Amino acid sequence: MWSLRTLTPFLAVTLCSIAALVAILLVAASRLDQQAAQETAHRLEVALQEVQASLRAQAQQGAAWLSLLPDTPSPAAVNPRLQASMGSTCLLLLDRELSLLARYTCAPEYKHIQKLPPLKYTAPQQGSLLIEATPYLYALAPVPAQDARRQLLLKLQVVDTFWLQHLQANYRLPELQFSTFRPRLKDMQGHALYSPSQDVVGYLVYTRPTPGRDLVRSVLMPLFAGILLIMSIALIMARQMAQLVRQREKSQTRLRHVIDLVPHMIYARDKYGRFILANHATAKLYHCSPKQMIGRTVGELTNDQEAHQQAQRSDRQVLDTGQARNMEEERIRNAQGEERLFHTSKLIYQDDLGFNSAVLSVSIDVTQQRQQELKLRLLSNALEHSGSAILIAARQGEIQYINNRFAALTGYAPEEVTGQPIQHLFNANTRPEARMRIWRNLRKYGHWRGEVQFQRKEGAPYWSMVSISPIRNRKQEITHYVVVSEDISELKRAHQQMEKLAFYDTLTGLENRRLFRERLKQAIRAAKRTREQAALLYLDLDRFKRINDTLGHDAGDQLLVTVAQRLRRCVRSSDSIARLGGDEFTVLLPQLQHLEHAAIVARKIIAALTDPIQLGNHNVIVTTSIGITLAPNDGDDITELMKNADLAMYRAKSEGRNNYQFFTAEMNLRASEQLMLESELRHALKRHEFSLRYQPQISLSQGRVVGLEALVRWEHPERGTISPLDFVPVAEETGLIVELGYQILEQACQDAVKFQHLLGEPVYMAVNISPRQFRDIELVEAIRAILQRTGLNPHQLELEITESTLMEQIDQSLPMMHDLEQLGISLSIDDFGTGYSSLSYLKQLPVHSLKIDRSFIQEIPHDQDDMSIISAVTAMTQKLKIAVVAEGVETREQLDFLADHQCDLIQGYLFSPPVTAQELAERCVQIRQQLQQWQA
């Protein structure tokens, strides 16, 4: 008995504690179950509301769309578009009596619908229907019409297993089933679906969540085990007190362990605010152990009496009112005075007599949760005020959110694009394959970054640097995409401007040499691959320098711009036009089926450029010479093709300009020969391989040789004597003619001094000056130095300059001719009559003689026109006191005619061909004798 009396208080306290704990657990579990049930019902209600909203939006969208189509369009015409815009869906078109007019569907589960249950237009615009034992959610929308007819569009969503699973996954709901009966089991809960007449169509049934019950089960099992163990120990300890004490300590330890395992604060305070219970979570807040807290107040633990008073007021309200408090916010300071936010539930703890002696509290720390909520709000604000345009789209591409920057950038309000596909923002010029490439990369790599051209609300396009990243749920499934974009339109324009400066001619806007070479390379590759031809046209404007020199560089630039505009009109959009520099242009014609097409384009260009061009107050007609080469027939290398076209262009110039020529192998051979000739010409100048021949000029009045014309010959060590017709054009083109001219001039002056002594009578030496040499600014000083070195009297030197050379640069020619005249040198106009001469200029030129070209002499006495021209020239020169030299006289008839018309100076094969210096003295004696015989 003694042992039982001793054990009874212990058993009573233990059982009371267990009962209190069980009560707390049962109350908490009941509230958890109730809260979970409410939350589940609320999520289901929200899910159905969002589905109904989506159906209503799709019904309105379909109604607006059908209003644009003919009356009652056929399903065959509508279903493909329906598939593209809404996917698998069903739309029913109803008349004003709500009778079925047409069914539009792209899914087999809707095609069995033939008849609808009775509906009224006054019925709700959305709800549930039971059609042939199959439940549906519906939304009703009027179809806009201009006439009096009223048509309605009914949007259906079948409530089947697949849809319920989709709803369950998206809204974190328990497993759903449809039933026409109200759930009767206690653990089952149902949500009613109502028909238009407010009758119950059926129920969405699901298992009621019981997290509290599960918690109680998990706790009660060890608790009951503890009770049984305690009871067993109590029976044993009735006999042995020492064993009872040990078992009681074990029981307390286990209970403490259970409480301490709870991650939330569990504690109890008496009416004075002293702790009588505290688990490890509570002790951790105050940085001490649970034992150290027993019997102490909050003020004593924190040295904060205000915190103590606050805790006592909170407990006093529960003790005074006798009502528990559930999950109320409470701020509790820890040992350092830092406030943390808790959700606290308080229960009254009664003593053995039934008095409210203490308050048992369970506090859940929600500080971190609130901080996360704050971070989410900050993140939301950051998104709204971010300098980057941010868009969030669903997995299927529907826009769900845009921030302020995106709205400002595109001009769309958030409500205007929410629910729209993201493709709605793409520019219309963005190709579908480019959009598909973005989605493929997203599926393959999970992200994408690149440049995209979007479109503003008013239709203006703009470039953005876009980064697309996925948002995943806990199952690592993609639920949304975040699109971050930066407006790079200015950067794009700057890049295009830099590209234009790098690849386009700044004056004409045409391609420059660099870009054209790249296009030519691509055309060569394509021609090889497709076995087609590509034509390269090389254009050079004829006599462009004259226009530049006479009208100025501004007029020349205007001419080049006009030429570029006309060239664009002559070719296809796929062809390339480039300005290489100066007045040189190229045209690339890829993918030619017939070679004649290149000739057609060349003729179009020549015809287009021959139209007069207005340059200020002047009308100018410009012509062009065009060389054409073909790839890959004439070559597959850029440099080779450019060279071939250049050779063909020069052939066109040599053929009289204003025409086109195709490249031939003969031109290449000729060019190679000229290149070799140029190289040999340079060596010949160094080795002085050039010699002179002299052709006498005879005065009929004096009956003797009065002058000599120096004619150059090239004594090639392998080829022999080379005619000037073969090497002088090359020397002129390469500029070697200047050095060659000075060599000839010095040799002629040296020989002239010798001839004075040899012949015993004065003769002048006539030397030809090339156009290139005549433009040499050092010409006068060079001739002065040659005269000084050779000792020739300047009056015995005559320089022959062609008529065309003088007239092309008359402004520069006059000062130089006057300088030469001041040296005492005589000047003669060579090939007179073959070019254009102005009599006003002729009077100003300080010339001493004119040399009639041989082309006028050859047809005497058969061509009356040539004879009339010679008569006029000799008469004119007599008035101007200018001597006349007739070149190319070969017959006695020609000589007699010239003598009759007072042409005193004669040169030609009638008297002598060009001879060497050694043969000259003997030839002069023969000429004198020949003249004496004719006069006799």
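Residues numbered from 1 in each chain as written. Predicted model: local features only at pLDDT ≥ 70, side-chain atom pairs only at ≥ 80, totals over all residues. Heavy atoms only, no water.

### With respect to the overall build of the chain
At step 1: Within the chain, the regular secondary structure consists of 31 helices and 34 strands.
At step 2: Evaluated residue by residue, the chain yields a buried proportion of 45% over its 936 residues.
At step 3: Sequence-distant contacts, at least 24 apart, represent 56% of the contacts inside the chain between residues at least 6 apart.
At step 4: Just so you have it, the chain exposes about 50,600 Å², and 52% of that area is on carbon and sulfur atoms. (Helix = DSSP H or I, 4+ residues; strand = E, 2+ residues; numbered from the N terminus. Buried < 20%, exposed > 50% of the residue type's maximum accessible area, 1.4 Å probe, protein only. Contact = heavy atoms within 4.5 Å. Areas by Shrake-Rupley, 256 points an atom, 1.4 Å probe, with all protein chains shown as cover.)

### What about the packing of aromatic side chains?
At step 1: The full count for this structure, using the stated rule, is nine aromatic pairs.
At step 2: Here the aromatic rings of Tyr-694 and Phe-755 are separated by 5.2 Å at their centres, their planes lie at 90 degrees, and the arrangement is edge-to-face. Of this pair, Tyr-694 sits in strand E26 (residues 690-699) while Phe-755 is found in helix H22 (residues 736-759), placing the two residues 61 residues apart along the sequence.
At step 3: The buried category is assigned to Tyr-694, whose relative accessible area is 0%.
At step 4: For the ring pair Trp-714 and Phe-727, a centre distance of 5.7 Å and an interplane angle of 85 degrees mean the geometry is edge-to-face. One end of the pair, Trp-714, is in strand E27 (residues 704-716); the other, Phe-727, is in helix H21 (residues 724-734), with 13 residues separating them in the sequence. The pair formed by Trp-714 and Phe-727 is uniform in burial state, with each residue classed as buried.
At step 5: The ring of Trp-934 carries the charged tip of Arg-892 above its face, separated from the ring centre by 4.6 Å. (Phe/Tyr/Trp six-rings, centres within 6.5 Å; stacked < 30°, edge-to-face > 60°. Lys NZ or Arg CZ within 6 Å of the ring centre and 35° of its normal.)

### As for the environment of Asp-542
At step 1: Position of Asp-542 among the secondary structure elements: in the loop between strand E19 (533-541) and helix H16 (544-551).
At step 2: C-alpha separation for the pair Asp-542 and Asp-583, spaced 41 residues apart in sequence, amounts to 8.7 Å.
At step 3: Ignoring anything within four residues of it in the chain, the contact list for Asp-542 reads Val-622, Thr-623, Thr-624, Ser-625, Lys-653, Arg-657 and Asn-658.
At step 4: A polar side-chain atom of Asp-542 sits 2.8 Å from a polar atom in the side chain of Ser-625. (Polar contact = N/O pair within 3.5 Å; in protein donor to acceptor, adjacent residues only side chain to side chain.)

### As for the sheet that holds strand E8 (residues 200-207)
At step 1: The antiparallel open sheet is built from three strands, whose spatial order is E6-E8-E7. Looking at which strands have only one partner, the edges of the open sheet turn out to be strand E6 (177-179) and strand E7 (188-194). The sheet shows a mean angle of 35 degrees between the axes of neighbouring strands, taken without regard to direction.
At step 2: Where E7 lies against E8, seven bridges are found, and the strand directions are antiparallel. Looking at E8, one finds that Gln-189 is bridged to Tyr-206. (Pairing = 2+ DSSP bridges. Axes fitted to C-alpha atoms, helices over the stretch in contact; angles between N-to-C directions.)

### Concerning the pairing of strand E16 (residues 448-455)
At step 1: Here E16 runs beside strand E17 (residues 461-472); their pairing, made up of eight bridges, is antiparallel. Among the inter-strand pairings, Phe-454 is bridged to a residue of E17, identified as Tyr-462.
At step 2: Connecting E16 to the next strand, E17, in antiparallel fashion are five residues, including Gly-459 with a positive phi near 105 degrees.

### Some words on helix H9 (residues 305-321)
At step 1: Spanning 17 residues, H9 covers 24 Å between terminal C-alpha atoms, matching the ideal 24 Å at 1.5 Å per step.
At step 2: If you check the start of H9, you find a side-chain oxygen 3.1 Å away from the backbone N of Glu-306, and it comes from Asp-304.
At step 3: One or two residues past the end of H9 sits Gly-322, with phi positive at roughly 75 degrees. (Expected span 1.5 Å × (residues − 1).)

### Remarks on the pairing of strand E24 (residues 624-631)
At step 1: Among the eight residues that make up E24, eight are buried, leaving the element largely enclosed by the rest of the structure.
At step 2: Burial along E24 is two-sided: the face carrying Thr-624, Ile-626, Ile-628 and Leu-630 and the face carrying Ser-625, Gly-627, Thr-629 and Ala-631 are both buried.
At step 3: Note that E19 and E24 share eight bridges and pair antiparallel. Within the sheet, the bridge partner assigned to Leu-539 lies in E24 and is Ile-626.
At step 4: Taken together, the three bridges between E24 and strand E25 (residues 660-662) define a ladder with parallel strand orientation. Paired with Ile-626 across the two strands is Tyr-660, which belongs to E25.
At step 5: The β-α-β motif built from E24, the intervening helix H19 (residues 638-654) and the parallel element E25 has left-handed crossover chirality. (Right-handed = clockwise from strand over helix to strand, strands pointing away.)

### Concerning the sheet that holds strand E20 (residues 576-581)
At step 1: Ordered in space as E20-E21-E19-E24-E25, the five strands form an open sheet in which the pairing is mixed. Each edge of the sheet is formed by a strand with only one pairing partner; in this case those strands are E20 and E25. Neighbour-to-neighbour, the strand axes of the sheet open up by a mean angle of 20 degrees, direction not taken into account.
At step 2: Each of E19, E20, strand E21 (584-592), E24 and E25 touches H19; the most contacted strand, E24, lies at about 145 degrees to it.

### With respect to unusual backbone geometry
At step 1: Backbone torsion omega between Ala-631 and Pro-632 reads 5 degrees, so that peptide bond is classified as cis.
At step 2: Between Ile-860 and the following residue, Pro-861, the backbone shows a cis peptide bond with an omega angle of 10 degrees.
At step 3: Its location among the elements puts Pro-861 in the loop between helix H28 (854-857) and helix H29 (864-880).
At step 4: Of note, Met-327 is a non-glycine position whose phi angle comes to about 50 degrees, a positive value.
At step 5: Locating Met-327 in the fold gives a position in strand E11 (residues 325-333).
At step 6: Positive phi values are uncommon outside glycine, yet Gln-902 reaches one of about 60 degrees.
At step 7: Of note, Gln-902 is situated in the loop between helix H30 (892-900) and strand E34 (905-907).

### A few points about H29
At step 1: An ideal rise of 1.5 Å per residue puts 24 Å on 17 residues; H29 measures up with 24 Å between its terminal C-alpha atoms.
At step 2: A side-chain oxygen of the first residue of H29 lies 3.3 Å from the backbone nitrogen of Asp-866; this N-cap is Asp-863.
At step 3: Downstream of H29 by a residue or two, Lys-881 has a phi angle that is positive, lying close to 60 degrees.

Geometry only, nothing functional implied.
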